[in-house]
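Inside the fold
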Amino acid sequence: MANTKVIFVYNPSSGKGKILKNIDLIRKTITDKFGSVDIVESTSKEDFQRIIKDACLTYDYVLFSGGDGTFNMTINAIPLDLPNLPIFGYLPGGSTNDMGYNVNISNKISEGIFDLVNSKPHEYNIGSIGDQKFIYVADFGAFTNVSHITPQDQKKRFGRLAYLKYAIQSIKTTVKPHKIIVDGVVYHTPLMIISNSREVGSFRINPEKEQNDGLYYIVIVKNGRFNGFFNVIYLFAFGLEQAIKKNKVISFQSPLFKLDCDYEDWDVDGEYVKLKFPLTCGYSRKKIRILTNR
């Protein structure tokens, strides 16, 4: 692919440093496919977003690696009003990689980089919640703060086991009902999810979802025994379809939702965000092309 300009940007703090350990393999595989690649290591969130924003002006392919939070940083850095955006590609490099599953790219670097360069571009919706953009999920409530309270050194050392440890420790403080108003209807729920994703929190709760149809599904877990704790567990253990059948959740789809909420601390693509309500959430009317191995 002569004259194709490619950049690979990575977040060295994600995962267990496995991107840096495999950087020579990554360079060779991308170069074999495209002819050349510029590889850039970011030094901070602000630096990463500056690199992505600038890259959109000059590159044909913007490839990047990190966790799901890195994907969110990318989405919020893209100048979406540009007439011709590059094609984006994601190499999973975090402790959890929901978007890796969505685009079917392996989180094993040696396999993932091969998947990436042999993938085809597909359109994906970009969501918005207030003034924040997101690629696959905005949620609040039970266990959604686990990725933020788990220390980075523990994530690097133990991976998903570190999340499990802090999830158990946080049960009493995170599993409790909150008031949410969706399109004028009041609910009380320990967990609410707004998404177009097949996978959330490494659980495949909606594996048949298409991510370019302009629709977002909302999941409101019903309050119940122990503040709805068992309903939350049921959703992640058996998936959305079964949870609906067993009356554990309320769920519906729409391009946009009008929301009001008594809780401002939300998780958006794995990033902590403090939101101001009321607001509108759903499809931003923007799409990007992402390399997908499906």
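Presented here is a report on the structure given in the accompanying data block.

A separate point is the pairing of strand β8 (residues 178–182). Only one face of β8 is covered, namely the one carrying His-178, Ile-180 and Val-182; the face carrying Lys-179 and Ile-181 has none of its residues buried. Here β8 runs beside strand β9 (residues 185–189); their pairing, made up of 5 bridges, is antiparallel. When the sheet's bridge partners are listed, Lys-179 is paired in β9 with His-188. The hairpin formed by β8 and β9 contains 2 residues between the paired strands, and Asp-183 there has a positive phi angle of roughly 50°. In the sheet, β8 pairs with strand β13 (residues 256–261) via 3 bridges, with the strands oriented antiparallel. Bridging from a neighbouring strand, Ile-180 pairs with Cys-261 of β13.

Quick look at the nonpolar core now. Across soluble globular proteins, nonpolar side chains have a tendency to be buried as a group. Judged by nonpolar contacts, the single largest core of 61 residues is most densely connected at Phe-8, Ile-30 and Leu-235. Setting aside anything within four residues of it in sequence, one finds Leu-235 in contact with Leu-191, Ile-193, Ile-205, Val-219, Val-221, Leu-240, Ala-243 and Val-249. The next biggest cluster of nonpolar side chains, apart from the first, holds 23 residues, and it includes Phe-134, Ile-194, Tyr-216 and Leu-279.

Time to look at unusual backbone geometry. A cis amide bond, omega 0°, links Phe-277 with the succeeding residue Pro-278. Of note, Pro-278 is situated in the loop between β15 (271–274) and β16 (279–292). A positive phi is found at Asp-183, a non-glycine position, where the angle reads about 50°. For Asp-183, the location among the structural elements is in the loop between β8 and β9.

Thresholds, definitions, all that
Residues numbered from 1 in each chain as written. Predicted model: local features only at pLDDT ≥ 70, side-chain atom pairs only at ≥ 80, totals over all residues. Heavy atoms only, no water. Buried < 20%, exposed > 50% of the residue type's maximum accessible area, 1.4 Å probe, protein only. Helix = DSSP H or I, 4+ residues; strand = E, 2+ residues; numbered from the N terminus. Pairing = 2+ DSSP bridges. Core = buried A, V, L, I, M, F, W, Y, C linked by side-chain atoms within 4.5 Å. Contact = heavy atoms within 4.5 Å.

Keep in mind that these numbers describe shape and distance, not what the molecule does.
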